[in-house]
Amino acid sequence: MAARGVHVRAPGKINVFLKVGSVIDDGYHDVAIAYQAVSLYEEVRVSEADDFSVEVTGTVDISRVPVDGANIAITAARLLAAKTGYTGGAHIQVEKRVPVTGGMGGGSADAAATLLACDALWGTELPRDEMLELARKLGADVPFAFTGGTAIGTGRGDELSPALAQGSFSWVLALADFGLSTPEVYRELDVHRERHAQDIYPADPRPVVDTDVLQALRAGDPHMLAAAMHNDLQAPALHLEPSLTGVLELGEQNGALAGIVSGSGPTVAFLASDADSALELQVALSASRLNVVRATGPVHGARIVGD
Ligand code: ATP
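Here is a short report on the structure shown in this document.

Conventions adopted
- Residues numbered from 1 in each chain as written.
- Predicted model: local features only at pLDDT ≥ 70, side-chain atom pairs only at ≥ 80, totals over all residues.
- Heavy atoms only, no water.
- Core = buried A, V, L, I, M, F, W, Y, C linked by side-chain atoms within 4.5 Å.
- Buried < 20%, exposed > 50% of the residue type's maximum accessible area, 1.4 Å probe, protein only.
- Helix = DSSP H or I, 4+ residues; strand = E, 2+ residues; numbered from the N terminus.
- Contact = heavy atoms within 4.5 Å.
- Pairing = 2+ DSSP bridges.
- Expected span 1.5 Å × (residues − 1).

Once that is clear, we can look at the nonpolar core. Membership of the largest hydrophobic core comes to 68 residues, with the highest contact counts inside it found for Ile92, Leu115, Trp122, Trp171, Leu173, Val213 and Leu225. With 10 residues, helix H2 (residues 106-122) is the largest single contributor of residues to this core. In this structure Ile92 touches Val44, Arg45, Val46, Ser53, Val54, Glu55, Ala73, Ile74, Ala77 and Thr114, once residues within four positions along its chain are discounted. If you look at the next biggest cluster of nonpolar residues, it comprises 31 residues, including Val172, Ala256, Ala278 and Val299.

In structure tokens form, the structure reads like this:
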């Protein structure tokens, strides 16, 4: 008899706005993020097992994804088991479409999907607020992968409030064939801020999302959003990977309203005015040998799907 299974789909994200505050006591930065979940999904299937194991496949380069206890999907499953007193395990199959170390929260989506899938498989029925608490323990972007849509994240990015948003935005994502480590990009930002402390305004310890961004999301207007998008991690990411400057220029020369490094990069997200323009941009960038995919946002967060 086949083992019982549950299939959950969870989205990757783009940070349409990301401001990093000054370093606070514990070495962390407070951030202000406007998240948008986009239609690039991780598919996670869990089935009953005596212990914990993970298998990873996907359309993106998965060579840097661990297939042992270091995989965040296993950490998520173990955390839920510990919280609920469940004594069995789970076999977890992760099908990745979100680029690895791409700044799009793929690992976070796997963690959120695994929590939801194991909760359903095991019948542990953890209340939603306690699930979000576990999500927060797994990483700052995990709660958003759970809720999806459009949201504002403050604190470490995990104190979420929904943002009013209408319409659908068309994105073209340029995927890199290398990754960028999030901590390294933050370190680069700190070094830059220290080196230029005389010439730049000190960062706000409690940053907020610009009202222009909130208005653009509320209006569902891609032109307004293009003008308002911002990412404090873009300059350090470009510093570490200068080739991304050329990618940004190429998109803007080929009709993108604006381009932005997503999170800590190296994925570059281009905003198009509509679906047709996104298709034209995709064709133009593919002709320049970039690996590009289209996506729309916002989309829902982690959800159980029927196979
Ligand atoms: P973020 O945007 O949330 O900072 P990211 O999208 O840049 O993250 P991820 O692909 O989520 O990066 O994962 C980054 C690191 O986590 C990699 O070094 C990878 O080895 C490790 N990792 C552990 N589990 C996973 C997983 N299920 N999928 C991807 N990476 C994983």
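On to the pairing of strand E7 (residues 169-175), then. In terms of burial, E7 is a largely internal element, 7 of the 7 residues being buried. Burial along E7 is two-sided: the face carrying Phe169, Trp171, Leu173 and Leu175 and the face carrying Ser170, Val172 and Ala174 are both buried. Both E7 and strand E10 (residues 268-272) contribute to a ladder of 5 bridges, which runs antiparallel. Note that in E10 the partner of Ala174 across the bridge is Val268.

As a further point, take H2. Given a rise of 1.5 Å per residue, 17 residues ought to cover 24 Å, and the 24 Å separating the end C-alpha atoms of H2 matches this to within 8%. Among the 17 residues that make up H2, 15 are buried, leaving the element largely enclosed by the rest of the structure. Looking one or two residues past H2, Gly123 carries a phi angle of roughly 70°, positive in sign.

The quantities given are spatial measurements derived from coordinates; they are silent on function.
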